[in-house]
Amino acid sequence: AQSVTQLDSHVSVSEGTPVLLRCNYSSSYSPSLFWYVQHPNKGLQLLLKYTSAATLVKGINGFEAEFKKSETSFHLTKPSAHMSDAAEYFCVVRSSGGSYIPTFGRGTSLIVHP
Amino acid sequence: GAGVSQSPSNKVTEKGKDVELRCDPISGHTALYWYRQRLGQGLEFLIYFQGNSAPDKSGLPSDRFSAERTGESVSTLTIQRTQQEDSAVYLCASSNQAGLGPTGELFFGEGSRLTVL
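Residues numbered from 1 in each chain as written. Chains lettered and ligands numbered in written order. Predicted model: local features only at pLDDT ≥ 70, side-chain atom pairs only at ≥ 80, totals over all residues. Heavy atoms only, no water.

### A closer look at the packing of aromatic side chains
In step 1: Counting across every chain of the model gives 13 aromatic pairs over all chains.
In step 2: Ring geometry for Tyr-25 of chain A against Phe-67 of chain A: centres 5.8 Å apart, planes inclined by 25°, an arrangement best described as stacked. Here Phe-67 of chain A lies in strand S8 (residues 64-68) and Tyr-25 of chain A lies in strand S4 (residues 23-27), a separation of 42 residues in the sequence. Assigned by exposure class, Tyr-25 of chain A and Phe-67 of chain A land together as buried.
In step 3: Of the aromatic side chains, those joined through ring pairs into one cluster are Phe-34, Tyr-36, Phe-90 and Phe-104 of chain A together with Tyr-35, Phe-45 and Phe-108 of chain B. (Phe/Tyr/Trp six-rings, centres within 6.5 Å; stacked < 30°, edge-to-face > 60°. Helix = DSSP H or I, 4+ residues; strand = E, 2+ residues; numbered from the N terminus. Buried < 20%, exposed > 50% of the residue type's maximum accessible area, 1.4 Å probe, protein only.)

### Looking at the pattern of salt bridges
All names here are of chain A.
In step 1: Scanning the model with the defined rule gives 6 salt bridges over all chains in all.
In step 2: In this structure, Asp-85 and Lys-78 form a salt bridge, with 2.8 Å as the shortest nitrogen-oxygen distance. Each member of the pair, Asp-85 as well as Lys-78, carries the same accessibility label: buried. (Salt bridge = Lys/Arg side-chain N within 4 Å of Asp/Glu carboxyl O.)

### Examining the state of the cysteines
In step 1: Under the criterion given, the structure shown has 2 disulfides over all chains.
In step 2: Between the sulfur atoms of Cys-23 of chain A and its disulfide partner Cys-91 of chain A the distance amounts to 2.0 Å. Since a negative S-S torsion denotes a left-handed disulfide, the Cys-23 of chain A-Cys-91 of chain A link at about -70° is left-handed. One end of the pair, Cys-23 of chain A, is in strand S4; the other, Cys-91 of chain A, is in strand S10 (residues 87-95), with 68 residues separating them in the sequence.
In step 3: For Cys-23 of chain A, a relative accessible area of 0% translates into the label buried.
In step 4: Linked covalently through their sulfurs, Cys-23 of chain B and Cys-92 of chain B form a disulfide whose S-S length is 1.9 Å. Between Cys-23 of chain B and Cys-92 of chain B, the S-S dihedral sits near -65°, and the bridge is therefore left-handed. In this pair, Cys-23 of chain B sits in strand S3 (residues 19-24) while Cys-92 of chain B sits in strand S9 (residues 88-95), placing the two residues 69 residues apart along the sequence.
In step 5: The class of Cys-23 of chain B is buried, set by a relative accessible area of 0%. (Disulfide = S-S within 2.5 Å.)

### Topic: the interface of chain B and chain A
In step 1: The partner chain A presents 22 residues to the 22 residues of chain B that form the contact.
In step 2: Summing the contributions of chain B and of chain A, the shared interface buries around 1,800 Å²; its carbon and sulfur component is 53%.
In step 3: Applying the counting criterion to the chain B and chain A interface returns 6 residue pairs in polar contact (both at pLDDT 80 or more).
In step 4: Secondary-structure elements contributing two or more residues to the side of chain B that touches chain A are strand S4 (31-37) and strand S5 (43-50) of chain B.
In step 5: Of the residues that constitute the side of chain B that touches chain A, the class distribution is 10 nonpolar, 8 polar and 4 charged. (Contact = heavy atoms within 4.5 Å. Buried area = accessible area lost by both parts, 1.4 Å probe. Polar contact = N/O pair within 3.5 Å; in protein donor to acceptor, adjacent residues only side chain to side chain. Nonpolar A, V, L, I, M, F, W, Y, C, P; charged D, E, K, R; others polar.)

### Structural notes on the side chain of Asp-86 of chain B
All names here are of chain B.
In step 1: The residue Asp-86 is located in the loop between strand S8 (75-79) and S9 in this model.
In step 2: What makes Asp-86 buried here is its relative accessible area of 1%.
In step 3: A distance of 2.8 Å separates a polar side-chain atom of Asp-86 from the backbone nitrogen of Gln-83.

### Brief notes about the confidence of the model for chain B
In step 1: For chain B, the average pLDDT comes to 90, and 93% of its residues sit at 70 or higher.
In step 2: Averaged pLDDT values over the elements of chain B bottom out at 85 in strand S6 (residues 53-56) of chain B and peak at 98 in S3 of chain B. (pLDDT = per-residue confidence, 0-100.)

### Section: the environment of Leu-20 of chain A
Residues and elements named next belong to chain A.
In step 1: Mapped onto the fold, Leu-20 is located in strand S3 (residues 19-21).
In step 2: Assessed through its relative accessible area of 44%, Leu-20 is described here as partly exposed.
In step 3: A C-alpha to C-alpha distance of 12 Å links Leu-20 and Ser-109, two positions 89 residues apart in sequence.
In step 4: The contact partners of Leu-20, leaving out residues within four places of it in the chain, are Val-11, His-75, Leu-76 and Thr-77.

This is the structure we're talking about:
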């Protein structure tokens, strides 16, 4: 069994300040973890993924995430928010056992103020 | 095509009517997924195709929902006797052979927004 919990439904930041989107996961097997971004009326785009290599993963647009097994977390960060980062962000888990069907979190809406 | 294509992009229908939603995956992608996204919610898994067979259809919410895939390409999701609670964005994703394992990436279409009046 697997699940993912995004701890905040909305995060509001000012442009130029750091971003932190929190994600905790549960998996009976070794997980692969992903962050996707969804801009309004657009499809989902992969930001980054963790697949048991380096625990600190760098993605597109300056985002990165750190896999912490002891905390079962995979938080997404960015040092400085840009207006174009305003979107919905989804944390996703896939397990190395079972059917590999990706399980999505409920999403975090990132709001960026000028 | 270059990406996953879904049609129609928007569909408004009356309660009780049947609707068909179409997904054209990326050429050569053997795996195809359907998800439903209700307003303000995460993605809810509906069904997964590997080639033309559906090894996992556990997410279909009722027998009013069905899906098929032909030629290891196009997939159609059909909702019969639509209800207001079926209103949502229906997202399709595909992945290649490498994407079959746990590390693979899914490529998403822009979705079909269904509104049932």
